[in-house]
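Survey of secondary and tertiary structure
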Amino acid sequence: MTNTNTQGASSLVANGEKFVMRLTLGALSEIESGLGIKNLADLGKKLTSVNANDLAVLAAALLRGGGHDVTPGDVMRLPTDIGSIIGAVSDALSAIGVTKAPLAGSAG
C-alpha cells in the first residue's frame, strides 16, 4: 500500500506502521553509491534488473531521506511484502522520471 505526491515522497506500511520514503539529494547520492552507478541515466538502466540487495539499498536510502534510521539489512527484515516495497520505491523515484515499469518488472 503506497501513497505518493509530486515531491518524491511515498509511504510504506509495514506491520501497521507507516514509513515515509523521500527522494532527497542525499538519498539519491546514497543510491548512486550503493548501486555503483554514476548518474540518473545509469539508474534507469540499473532498475531494469535489480536484485534483493539492490532493492534494499534503494529502500533504505529513501527511508533515510524520509527521516528513518535504517540500513538495507533493516529493510530486509521489515514485516511487509516485496510488492509493497517495490511500489513505494517506484513511487518515490517517479519524481525524477523513473517509471514503475522497469522496477516492477523485477518482482517476477
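Summarised in this report is the structure supplied together with it. Numbering of residues starts from 1 in every chain and runs along the sequence as written. Only residues with pLDDT of at least 70 are given local features in this predicted model, and only at 80 or more are side-chain atom pairs given and counted; all residues enter the totals for whole chains, interfaces and linings. Only hydrogens and water are set aside when side-chain values are computed; all heavy atoms of the structure are taken into account.

**A few points about the overall build of the protein chain**
Along the protein chain, the regular secondary structure elements total 6 helices and 2 strands. Secondary structure follows DSSP: runs of H or I at least 4 residues long count as helices, runs of E at least 2 residues long count as strands, and numbering of each begins at the N terminus. The helix and strand sequence of the protein chain, counted from the amino end, reads β-β-α-α-α-α-α-α. Exposure classes here rest on a 1.4 Å probe applied to the protein chains alone. A residue is buried below 20% of its type maximum, exposed above 50%, and partly exposed in between. Counting all 108 residues of the protein chain, 39% fall into the buried class. Of the contacts made within the protein chain by residues no fewer than 6 positions apart, 52% connect residues no fewer than 24 positions apart. To measure how exposed things are, a 1.4 Å probe is used in the Shrake-Rupley method; for residues, cover is taken only from the protein chains shown. Surface exposure of the protein chain reaches about 5,500 Å², of which carbon and sulfur atoms provide 54%. By the convention used here, residues are in contact when the closest approach between their heavy atoms is within 4.5 Å.

**A few points about the pairing of strand β1 (residues 9-14)**
Among the 6 residues in β1, 5 count as buried, and that is most of the element. Taken together, the 6 bridges between β1 and strand β2 (residues 17-22) define a ladder with antiparallel strand orientation. Within β2, the residue paired with serine 10 across the bridge is methionine 21. Strand pairing requires that DSSP identify at least two bridges connecting the strands.

**As for the nonpolar core**
To define a nonpolar core, start from buried Ala, Val, Leu, Ile, Met, Phe, Trp, Tyr and Cys residues and group those joined through side-chain atoms within 4.5 Å. Ranked by internal contacts, the top residues of the largest apolar core, which has 32 residues, are Met21, Ile31, Leu43 and Val89. If you list the elements that add at least two residues to this core, you get β1, β2, α1 (25-35), α3 (52-65) and α5 (82-93). With 9 residues, the top contributor of residues to this core is α3.

**Some remarks on the pattern of salt bridges**
We define a salt bridge as a contact between a side-chain nitrogen of Lys or Arg and a carboxyl oxygen of Asp or Glu at a distance within 4 Å. Under the criterion given, the structure shown has 3 salt bridges. Between arginine 64 and glutamate 30 there is a salt bridge, with the nearest N and O atoms lying 2.2 Å from each other. Placement of the pair is arginine 64 in helix α3 and glutamate 30 in helix α1, with a sequence separation of 34 residues. With a closest N to O distance of 3.2 Å, lysine 46 and aspartate 54 form a salt bridge. You can call lysine 46 partly exposed: its relative accessible area is 25%.

**Concerning the packing of α1 against α3**
Working convention: axes come from line fits to C-alpha atoms, limited for helices to the stretch in contact. Angles between N-to-C directions cover 0 to 180 degrees. At their nearest, the axes of α1 and α3 sit 8 Å apart, and the two run at 160° to each other. Taken together, the axes of α1 and α3 are roughly antiparallel relative to one another. Judged by the sense of rotation from one axis to the other, the crossing of α1 with α3 is right-handed. Mapping the contact onto sequence places Ala27, Glu30, Ile31, Gly34 and Leu35 in α1 and Asp54, Val57, Leu58, Ala61, Leu62 and Arg64 in α3. Residue type decides the class: Asp, Glu, Lys and Arg count as charged, Ala, Val, Leu, Ile, Met, Phe, Trp, Tyr, Cys and Pro as nonpolar, and the leftover types, Gly among them, as polar. Class assignment of the residues belonging to the contact of α1 with α3 gives a composition of 7 nonpolar, 1 polar and 3 charged. Orientation is classified from the angle alone, with under 35 degrees giving roughly parallel, over 145 giving roughly antiparallel, 65 to 115 giving roughly perpendicular, and any other angle giving oblique. Less than a right angle of anticlockwise turn of the near helix away from the far helix marks a crossing as left-handed, whereas a clockwise turn marks it as right-handed.

**Some points on the environment of leucine 35**
Secondary-structure assignment places leucine 35 in helix α1. The buried category is assigned to leucine 35, whose relative accessible area is 11%. Between the alpha carbons of leucine 35 and leucine 55 there is a distance of 9.6 Å; along the sequence they are 20 residues apart. Discounting chain neighbours no more than four positions away, the residues touching leucine 35 are Leu43, Lys46, Asp54, Val57 and Leu58.

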